[in-house]
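Examining the three-dimensional arrangement
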Amino acid sequence: MSRADSITAGDGKGRCFVGAQCLCRRGPVSAVSASPAAKGSVRGVPADPVRALQHALYRAAKADPGRRFHALYDKVCRSDVLWRAWVAVRANNGAPGIDRITLAGVEEYGVTRLLGELAGELREGRYRPLPARRVLIPKPGTTEQRPLSIPSVRDRIVQAALKIVLEPVFEADFLPVSFGFRPRRSAHDALQVLIDECWRGRRWVVETDIANCFSAIPHDKLMQAVEERVCDQPVLKLLRVMLRAGVMDDGQLRRPVTGTPQGGVISPVMCNVYLHRLDRAWDDGDGVLVRYAGDAAVMCWSRSQAERALERLTALLAGLGLEPKAAKTRIVHLEAGGEGLDFLGFHHRLVRSRGLNGKKPVTFLARWPADKAMRHARDQIRELTRRSRLLLPVKWIVEDVNRFLRGWAAYFRFGNSAARFEKIRSYARMRLALFISKRHRRSREFGWSVVTCQSPNQLGLVTLSGIVVDPRPFRDWRARPNAGGERRR
C-alpha cells in the first residue's frame, strides 16, 4: 500500500466550518456574490459567500432547535460550494479510488469541467457514487490493521459539498461533551476537561472505546437521526446512496447495512450526528462525559458513581446498536503513585511535585505520550531510516525525519512530555548514526562520530527541547505560556 493510501479528504477548519484561507474561484460564482453579505457590507457576515451560507444555516438552526430544513439540495449543487469542496479535497492530497483517477488526472481533465458535470448530475438526479476502495492501514503502536475506505475523487468532492451544507445545521445541536471532528474543537480541548475535572476532585475515571464505531452504525437509525433536522428528500436520497455505495475489497463488492465507511469525507459528521443521541441522553449526575468520536472518558467523584456511569454508558450504547470495546473499558482511580489511563494518545497519571525551594508540593494530573505513541514514533523513524533507503542522500533522510518529528511533537508538546521527547530525539540520532555507518560500510562508532562530532548541528536534526507547554487547570491550552511574565509553578 502506498503512503498516499492512508490519506483522505481533510476536515473543514475555521470559525465557520470551512477555511477562509481556501482559494476561491475567480469570477461570478453564485447569486450570493452580488449580495451585501458577499461584499462584507453587513456587520458580522463574512465576505465569502460559502461562509455566509454556513453562517445563515447555523444561525437558523440555533434559533429554532425544532426546525427541519427542507431546502438544502440546491446549496449542495451550487458552483461555489462545489469549488470549495474541490479545494478541500485537493488540499488533502488524497489517494485515488477504484477508478484510479488521481488529483493530477482531474486537473489535467479540467476542474471546472468536472465540477460542471457533477453539478449537472446532481441537479438531474443522475449522480451515483462508486464503491469505495478498501485498504488496510496499520494502527499506530500495534500490529493490528484498520480498514480504510477511499472514495473516488469525484465522490469525495460531492461528500465535501454535502458536509459544507449539513455540518452547520447539526453543529448548532452538538453539545460541549463532543470534541471530535468539529470546527474549532480539538483533542487538546477534551484533554483540558480531564485536567480541570481532576483538579476539582473527580478522580475516578471510566475509560472506554466504542467497538467498531464507524462500521457498526446502523443505516436506518442513522437516517432517523439525520431526519430530525433535515426533511429535504433529495438530500436524504443522496445520503442513502452514499451509505449504500459499498466497498470494493479484493475484487468483491460488499454493501453492508451498517457503518459509515471510515475514510469518507462525510463519515465523521455522520458519526457525530448519530452519537449526539448518546450525548443528549447523558445525565451529568452520572459524571462528566468527554467524547472524541468513539473514544470516551467519564470523570466521577467516587467508585460507586463510576460504576453507575459505566452501566449507564453501556445501556445507552446498546440502545444505539453499539457496544464498548471490552479490552479498553475499565474504571481507573487516579491517585499519586497509582495507575493511570491512556486517552487520546497521552498517558494520564496523578503525580505530586517535589516542592523545591520552599514551595508547597502540588498534586496534579500530568500527561505525556503513551507507550503506544512512543512505539509508533520509533516505528516511523525506523521506517524512514531503513536499509532500502541507503542510496538516498543523508540530507533527504534528515528532512524526512524532521518532518515527522515536527508533526509528532506539535501534538504531544502540550503535556509534561520533555523526558519522552528527549528519548525520541535520542532514538532518531541513533538511527541516523546507524544509517550513516551502513551507507559508508563503516563501524557504528564512525556513524556516531559523524552525527555528534563532525557535524556542528547534528546534521540538522531538529531539537525538541524548549517547546513543551505544561497543562494547567482552567487555563486555555492555546495561550502562550508566560506571555504576561507570570512565574512558573
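As a reminder, the structure under discussion sits directly above these lines.
Residues numbered from 1 in each chain as written. Predicted model: local features only at pLDDT ≥ 70, side-chain atom pairs only at ≥ 80, totals over all residues. Heavy atoms only, no water.

**Observations regarding the side chain of lysine 75**
Here lysine 75 shows up in helix 3 (residues 73-76). For lysine 75, a relative accessible area of 19% corresponds to the buried category. Not counting residues up to four positions away in its chain, the partners in contact with lysine 75 are Leu53, Val81 and Val165. (Helix = DSSP H or I, 4+ residues; strand = E, 2+ residues; numbered from the N terminus. Buried < 20%, exposed > 50% of the residue type's maximum accessible area, 1.4 Å probe, protein only. Contact = heavy atoms within 4.5 Å.)

**Thoughts on the packing of aromatic side chains**
On inspection of all chains with the given rule, the structure shows eight aromatic pairs. Each ring, one from phenylalanine 181 and one from phenylalanine 214, has its centre 6.5 Å from the other, and the planes form 80°; the classification is edge-to-face. Residue phenylalanine 181 is found in the loop between helix 7 (153-171) and helix 8 (187-200), and its partner phenylalanine 214 is found in the loop between strand 3 (204-209) and helix 9 (219-227); the two are separated by 33 residues along the sequence. Assessed through its relative accessible area of 30%, phenylalanine 181 is described here as partly exposed. For the ring pair tyrosine 411 and phenylalanine 412, a centre distance of 4.9 Å and an interplane angle of 90° mean the geometry is edge-to-face. For phenylalanine 412, a relative accessible area of 7% gives the class buried. Taken together, the aromatic side chains of Phe346, Trp408, Tyr411, Phe412 and Phe421 make up a single cluster linked through ring pairs. The lysine or arginine in question, arginine 367, covers the ring of phenylalanine 346, its NZ or CZ lying 5.2 Å from the ring centre. Taking NZ or CZ as reference, arginine 442 lies 4.2 Å from the ring centre of phenylalanine 446, over its face. (Phe/Tyr/Trp six-rings, centres within 6.5 Å; stacked < 30°, edge-to-face > 60°. Lys NZ or Arg CZ within 6 Å of the ring centre and 35° of its normal.)

**Some remarks on the sheet that holds strand 11 (residues 363-369)**
Pairing within the open sheet is antiparallel, and its three strands lie in the order 9-10-11. The strands lining the two open edges of the sheet, one partner per strand, are strand 9 (341-343) and strand 11. For this sheet the average axis-to-axis angle between neighbouring strands, irrespective of direction, equals 35°. Where strand 10 (residues 346-352) and strand 11 come together, seven bridges link them in antiparallel fashion. Residue pairing in the sheet places histidine 348 in a bridge with arginine 367 of strand 11. Lying on the sheet, helix 8 is in contact with strand 9, strand 10 and strand 11; it crosses strand 11 at an angle near 155°. (Pairing = 2+ DSSP bridges. Axes fitted to C-alpha atoms, helices over the stretch in contact; angles between N-to-C directions.)

**Describing the pairing of strand 10**
Across three bridges, the pairing between strand 9 and strand 10 is antiparallel. Looking across to strand 10, one finds that aspartate 342 is bridged to histidine 347. Between the end of strand 9 and the start of strand 10, which pair antiparallel, lie two residues, with leucine 344 showing a positive phi angle near 55°.

**Quick look at the packing of helix 4 (residues 79-92) against helix 6 (residues 111-124)**
Taken N-terminus to C-terminus, the directions of helix 4 and helix 6 make an angle of 125°; their axes are 10 Å apart at the nearest point. For the element pair helix 4 / helix 6, the angle class is oblique. Helix-helix and strand crossings are classified by hand; for helix 4 and helix 6 the assignment is right-handed. Mapping the contact onto sequence places Leu82, Trp83 and Trp86 in helix 4 and Val111, Thr112, Leu115, Ala119 and Leu122 in helix 6. For the contact of helix 4 with helix 6, the residue count by class is seven nonpolar, one polar and no charged. (Parallel < 35°, antiparallel > 145°, perpendicular 65-115°, else oblique. Left-handed = near helix turned anticlockwise from the far one by under 90°. Nonpolar A, V, L, I, M, F, W, Y, C, P; charged D, E, K, R; others polar.)

**Here's the deal with the nonpolar core**
In terms of nonpolar packing, the biggest core is built from 79 residues, with Trp86, Ile157, Leu162, Leu166, Val226, Leu238 and Met270 touching the most fellow members. By residue number, the principal contributor to this core is helix 7, which donates 11 residues. When sequence neighbours within four positions are dropped, the list of residues in contact with methionine 270 reads Leu166, Leu222, Val226, Leu239 and Thr260. (Core = buried A, V, L, I, M, F, W, Y, C linked by side-chain atoms within 4.5 Å.)

**Overview of unusual backbone geometry**
Glycine aside, residues mostly have negative phi, and peptide bonds are mostly found in the trans state. A positive phi angle, close to 55°, is found at arginine 441, a residue other than glycine. Mapped onto the elements of the fold, arginine 441 is located in the loop between helix 15 (418-439) and helix 16 (444-454). Residue glutamine 458 is not a glycine yet carries a positive backbone phi of 55°. Relative to the helices and strands, glutamine 458 is located in the segment after helix 16.

**Focus on the pairing of strand 1 (residues 132-138)**
Side-chain positions along a regular strand alternate between the two faces of the sheet. For strand 1 and strand 4 (residues 247-249), the ladder comprises two bridges, and the chain directions are parallel. Opposite arginine 133, over in strand 4, you have methionine 248 as the bridge partner. Two strands pair when backbone bridges link them, and strand 1 and strand 2 (residues 145-150) are joined in this way by six bridges, in the antiparallel orientation. Bridging from a neighbouring strand, isoleucine 137 pairs with arginine 146 of strand 2.

So far we have only geometry, and geometry alone does not tell us how the molecule works.
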